[in-house]
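Coordinate inspection notes
Below, each chain spelled out in residue letters.
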Amino acid sequence: MVKCTVRVPATTANLGPGFDSVGCAFTLYNTLTFEIKDKGVSFSGCEEKYANEQNLAYIGFRDVYTYLNIEVPGCHITFDSICVPLSRGLGSSAALIVAGATAANAFLKNKLTKQEILTVCNNIEGHPDNLSPAIYGGLTASFTNGDTPYSVSYSIHPSLKFVALVPDFELLTKTARSVLPSEIPFGDAVFNSSRLAVLLKALENGDKKLINLSLDDRLHQPYRRDLIKGYDEAESFAKELDCIAFCLSGAGPTCLCLTDNDNFAHKIKEKLHSGGYSWQVLSLPVDTDGAKII
Ligand code: HSE
């Protein structure tokens, strides 16, 4: 095989109390084609400033070969369709890294397991909470022990619908991490850890009352919300519309709503727009495939 096309889903991370751990994949995709060539790397369909060896899709590709001690071949990468918004807390970096690693692994006749792909990708980015759902699909929980990421999958009840409110500005993860404290009160750690264990079962059962109570956070949202102009209004609108739960997606600025109401996306879009916020509103069904050669 000298050419393949990979599709990788958008992902949320930090779901409620699951800071740096719980993520979920959505049916919103980046699609990239990789073609082996003699040497070097070249790109089509990619902004000039990203068309170089620092491109995350290339790094993911390269690092699979390096991990296996195989000489890295030349590669032409075509960005066919990029639907995951950049720097919005929907896993755009993870989607590119995983695309490159998945393509390289396909060229190498799937020598690596998904767990090994996760390890290679995590050495690049260090955020298994986005990488894991991008690779496996669905709802996952992960942590890194030493250099090795570990991940498990959970099911999520089909009545639950995610709606992302995507602001019209970027927020770099680095900036969003810089406002986090180095220590947190013991009570806040207990608040999150106790809710997380309950939330995962409540998501599986579709238990709206328990999701509403347990999908909450004291580790990052209180510190990051002030970075997001419109967060307070978006949260109020979501509550007025009876959403089951509201949280930051990843490091933000995207806000994520859980609902069982088919009209929720339409209604919150109207509220945001009449409040002067030209945010994108995306209904995001859960992706269960993860990264895939198509
Ligand atoms: N969990 C990370 C953070 C984002 O909140 O900083 C994951 O990409």
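Everything discussed here concerns the structure shown above.
This text gives an overview of the structure that appears in the document. Quantities reported herein were computed from a predicted structural model and do not represent experimental measurements. (Residues numbered from 1 in each chain as written. Predicted model: local features only at pLDDT ≥ 70, side-chain atom pairs only at ≥ 80, totals over all residues. Heavy atoms only, no water.)

Quick look at the layout of surface pockets
In this model, the largest pocket occupies a volume close to 810 Å³. Elements with a contribution of two residues or more to the lining of the largest pocket: β4 (74-82), α2 (92-107), α4 (128-136) and α5 (173-178). Top element by residues in the lining of the largest pocket is α2. It accounts for four residues. Each residue belonging to the lining of the largest pocket can be placed in one class, and the counts come to 14 nonpolar, 16 polar and nine charged. If you add up the space inside the second largest pocket, you get close to 250 Å³. Together, 15 residues line the second largest pocket, and L215, D216, E235, K239 and F246 are the ones closest to its centre. At the level of secondary structure, the elements contributing two or more residues to the lining of the second largest pocket comprise α7 (208-214), α8 (221-224), α9 (231-240) and β8 (245-248). At three residues, the largest contribution of residues to the lining of the second largest pocket is made by α9. Residue composition of the lining of the second largest pocket, grouped by class: eight nonpolar, two polar and five charged. (1 Å grid on protein atoms, 1.4 Å probe; cavity = no way out; pocket = protein on both sides within 12 Å on 5 of 7 lines; lining within 4 Å. Points joined across faces, edges and corners; volume = space filled by probe spheres on them. Helix = DSSP H or I, 4+ residues; strand = E, 2+ residues; numbered from the N terminus. Nonpolar A, V, L, I, M, F, W, Y, C, P; charged D, E, K, R; others polar.)

Details of the packing of aromatic side chains
What the rule picks out here adds up to nine aromatic pairs. Each ring, one from F61 and one from F107, has its centre 6.3 Å from the other, and the planes form 80°; the classification is edge-to-face. Here F107 lies in helix α2 and F61 lies in helix α1 (residues 56-67), a separation of 46 residues in the sequence. The pair formed by F61 and F107 is uniform in burial state, with each residue classed as buried. Both rings, one in Y231 and one in F246, keep their centres 5.4 Å apart while their planes meet at 75°; by these two values the pair is edge-to-face. Of this pair, Y231 sits in helix α9 while F246 sits in strand β8; the two residues are 15 residues apart in sequence, bridging distant segments of the chain. On the basis of relative accessible area, Y231 is assigned to the buried category, the value being 2%. By relative accessible area, which is 8% here, F246 ends up buried. In this structure an aromatic cluster arises from ring pairing among F34, Y58, F61, Y65 and F107. The ring of Y29 has R7 sitting right over it, with the charged end atom 3.8 Å from the ring centre. Directly above the aromatic system of F191 lies the positively charged group of R195, at a separation of 3.6 Å from the ring centroid. (Phe/Tyr/Trp six-rings, centres within 6.5 Å; stacked < 30°, edge-to-face > 60°. Buried < 20%, exposed > 50% of the residue type's maximum accessible area, 1.4 Å probe, protein only. Lys NZ or Arg CZ within 6 Å of the ring centre and 35° of its normal.)

Points about the environment of F169
Secondary-structure assignment places F169 in the loop between β7 (161-166) and α5. Put simply, F169 and G23 are 146 residues apart on the chain and 22 Å apart in space, counted from C-alpha to C-alpha.

Quick notes on the site of the ligand
Surrounding the ligand, one finds N14, F19, D20, H127, D129, N130, T173, R177, R224 and A251. In this structure, R224 approaches the ligand through a side-chain N or O atom, which is 2.8 Å from an oxygen atom. Burial of the ligand by the protein chains amounts to 97% of its free accessible area of 260 Å². Here the ligand is seated within the largest pocket. (Near = heavy atom within 4 Å. Polar contact = N/O pair within 3.5 Å; in protein donor to acceptor, adjacent residues only side chain to side chain. Areas by Shrake-Rupley, 256 points an atom, 1.4 Å probe, with all protein chains shown as cover. Sits in = over half its atoms within 2 Å of the grid points.)

A look at the sheet that holds β7
If you walk across this open sheet you meet the four strands as β8-β9-β7-β10, and the pairing is antiparallel. Unpaired on one side and paired on the other, β8 and β10 (280-284) mark the two borders of the sheet. Looking at each pair of strands side by side, their axes are set apart by 20° on average, direction ignored. In this sheet, β10 lies alongside β7 in antiparallel orientation, the contact comprising five bridges. Note on β10: the bridge partner recorded for A164 is L282. Contacts from α9 reach β7, β8 and β9 (255-259), with the element oriented near 160° to β8. (Pairing = 2+ DSSP bridges. Axes fitted to C-alpha atoms, helices over the stretch in contact; angles between N-to-C directions. Contact = heavy atoms within 4.5 Å.)

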